[in-house]
Amino acid sequence: MSDRVSDPRRNIPRTDTLLARPALMAAADRLGADAVRTAVRAAQAEAREGRIPPAEVGAYAESLVAGPPPLRPVLNATGIVVHTNLGRAPLAPEAVAAMTAAAGYVDVELDLADGKRAKRGAATLAALRTACPPATDALVVNNGAAALVLATTTLAAGREVIVSRGELVEIGDGFRLPDLIASTGARLREVGTTNRTHLADYAEAIGPQTGCILKVHPSNFWVSGFTSAVPLEQLAELGPPVIADIGSGLLAHDPALPDEPDAASALTAGAHLVTASGDKLLGGPQAGIILGDSDLVQRLRRHPLARALRVDKLTLAALHATLTGSVPPVTAYRHVEPDELRLRCEQLAAALVEHLDEVTIVEHTGHVGGGGAPGVPLPGWALALPESFATRLRLGDPAVLARTDRGRCLVDPRCVPVDRDADLVRAILSAATGPA
Ligand SMILES: *Cc1c(COP(=O)(O)O)cnc(C)c1O
């Protein structure tokens, strides 16, 4: 045998041969042709380097593209619109398209007219100002918590943030706003009591150490009974800058959520800065939105921390599309009519009943979720199945997250896109026949 024939590299399968393997063709449908081609080249390189035998190149390439995606898509059948464990707001198709378009080189910090550096994300900031006319400037950071950190750091590091004891909230997963603010080097100056805080409490706390007054919307709970809080209009007259952390990110008032604060109303009432999340009721990508007085926003923008909290081009693109496009899914899901949900449940049940005798239709109340509007019920309907379905639905393909309640598994179609109802039926049927 000559060296040429014995050289194992001669036996490495050709790219075309590898790409024709059924598993790699299927992977190309899932991941795109480029990803599979990259895996094939990597496998060939391994063989060329002698790290795997040529006969294993195909299997090795398959292993590179195998496995579930790192974040598995889930059908949200809980009736909870902004579901934190499912990634909060699902993006509108326009926002998804905008992110894809922004994935390459884009003019995020370039003025194509003169070729010079431009303000980062200017179109998105302009869209925010259009959506919230009382704001004279806007800034986007990583999330709502980052917006609050940047605002309190800029206005009050080394000094005091005056805040009502009724607003020292924990926002979820053990994160507490007071701890967050203390971590910035600002000192909390707590005033009032859990249920009642008066204008005089704030007024007495103001002094040379005051950096700002903070008003937090306690979004995930509500207090009733003997309560009192000071409206923004009065806080704004005390002198120091007032930050309103409205939380969920409504930019304008929504009559369907009468108690939910919005950015435009807060600024009109006198707040100097508003901070909010992009992926709660606004229905966009994870982001922290800062709106308000242009001098203050400019100070925040110049603070060194702003650079550490800034968002990427994908977020700017998705947020812009959310602000300028059609109604985002979280808004649509909040407003689905109960009768429409009932009809969908009947259609789902009709498709199931032939194979499944334990399905019924029940009234079911959905929720805004994500710590927003805790007192607002969203009336609707759900399919009721035996509780044992819940685990099998979660582990199915597609994965479905349903609600378990008093021995039942409730499947609420509110937050399932209508065009996925057939997938929902398929998932329920395979849960019915699958291993227990
Ligand atoms: C959700 C929330 C936050 C935190 O916002 P993230 O975007 O989750 O960081 C801060 N304040 C309030 C009032 C909230 O509701």
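The name given to the protein chain in an unreviewed UniProt entry is L-seryl-tRNA(Sec) selenium transferase, and the organism recorded there is Ammonicoccus fulvus. Recorded in UniProt under Subcellular location (unreviewed entry), the annotation for the protein chain is "Cytoplasm".

Peer 1: Go over the domain arrangement of the protein chain with me, naming the residues and quoting the values.
Peer 2: How big an interface is tends to be stated in terms of accessible area lost as the parts join. Split into domains, the protein chain comes out as domain 1 (2–65), domain 2 (74–82 + 331–433) and domain 3 (92–326). Summarising the inter-unit geometry, the C-alpha centres of domain 1 and domain 3 are found 51 Å apart.

Peer 1: Hey, could you go over the site of the ligand for me, with residue numbers and the actual values?
Peer 2: Around the ligand, the surrounding shell consists of R88, N143, G144, A145, I171, L177, H217, S219, D245, G247, S277 and K280. Here an oxygen atom of the ligand sits 2.8 Å away from a polar atom, N or O, in the side chain of R88. Here an oxygen atom of the ligand sits 2.7 Å away from a polar atom, N or O, in the side chain of K280. Contact with the protein chains covers 93% of the free accessible surface of the ligand, which is 380 Å².

Peer 1: Describe the sheet that holds strand β17 (residues 403–405), naming the residues involved and giving the relevant values.
Peer 2: In space, the five strands of this open sheet follow the order β2-β14-β15-β18-β17, with mixed pairing throughout. If you trace the sheet from one side to the other, it starts and ends with β2 (80–82) and β17, each paired once. On average, adjacent strands in this sheet sit at an angle of 40° to one another, irrespective of strand direction. Pairing between strand β14 (residues 360–369) and strand β15 (residues 372–386): nine bridges, direction antiparallel. Across the sheet, residue G369 finds its bridge partner in β15, namely G372. Across the face of the sheet, helix α17 (residues 338–353) comes into contact with β14 and β15 while running at roughly 20° to β15.

Peer 1: Please give an account of the UniProt feature "modified residue: N6-(pyridoxal phosphate)lysine" (unreviewed entry) in the protein chain that cites residues and values.
Peer 2: The positions that UniProt labels "modified residue: N6-(pyridoxal phosphate)lysine" (unreviewed entry) are, in the present scheme, K280. Topologically, K280 is positioned in the loop between β12 (273–277) and β13 (288–292). Taking relative accessible area as the criterion, K280 reaches 11% and is therefore assigned buried. Excluding residues that lie within four positions of it along the chain, K280 makes contacts with V82, R88, A89, G247, S248, V330 and G370.

Peer 1: Lay out the packing of helix α6 (residues 93–101) against helix α15 (residues 313–324) with the relevant residues and their values.
Peer 2: For the pair α6 and α15, the least separation of the axes is 8 Å and the interaxial angle reads 150°. Between α6 and α15, the crossing angle belongs to the class labelled roughly antiparallel. Judged by the sense of rotation from one axis to the other, the crossing of α6 with α15 is right-handed. Contacts from E94, A95, A98 and M99 in α6 reach L314, A317, A318, A321 and T322 in α15.

Peer 1: Any chance you could break down the side chain of S248 for me, citing the residues and the numbers?
Peer 2: The topology assignment puts S248 in the loop between β11 (242–247) and α12 (263–268). Filtering out sequence-adjacent residues up to four positions away, S248 remains in contact with E260, S277, K280, L281 and L282.

Peer 1: Residues and numbers for the nonpolar core, please.
Peer 2: The biggest cluster of nonpolar side chains holds 35 residues, and the ones touching the most others in it are L128, V140, V274 and L291. With four residues, the single largest contributor to this core is α12. Grouped together as the second largest cluster of nonpolar side chains are 26 residues, A147, V169, I181 and L273 included.

Conventions adopted
Residues numbered from 1 in each chain as written. Predicted model: local features only at pLDDT ≥ 70, side-chain atom pairs only at ≥ 80, totals over all residues. Heavy atoms only, no water. UniProt positions renumbered as here; feature names shortened; annotations may be inferred. Domains from an automatic or database assignment. Near = heavy atom within 4 Å. Polar contact = N/O pair within 3.5 Å; in protein donor to acceptor, adjacent residues only side chain to side chain. Areas by Shrake-Rupley, 256 points an atom, 1.4 Å probe, with all protein chains shown as cover. Pairing = 2+ DSSP bridges. Helix = DSSP H or I, 4+ residues; strand = E, 2+ residues; numbered from the N terminus. Axes fitted to C-alpha atoms, helices over the stretch in contact; angles between N-to-C directions. Contact = heavy atoms within 4.5 Å. Buried < 20%, exposed > 50% of the residue type's maximum accessible area, 1.4 Å probe, protein only. Parallel < 35°, antiparallel > 145°, perpendicular 65-115°, else oblique. Left-handed = near helix turned anticlockwise from the far one by under 90°. Core = buried A, V, L, I, M, F, W, Y, C linked by side-chain atoms within 4.5 Å.

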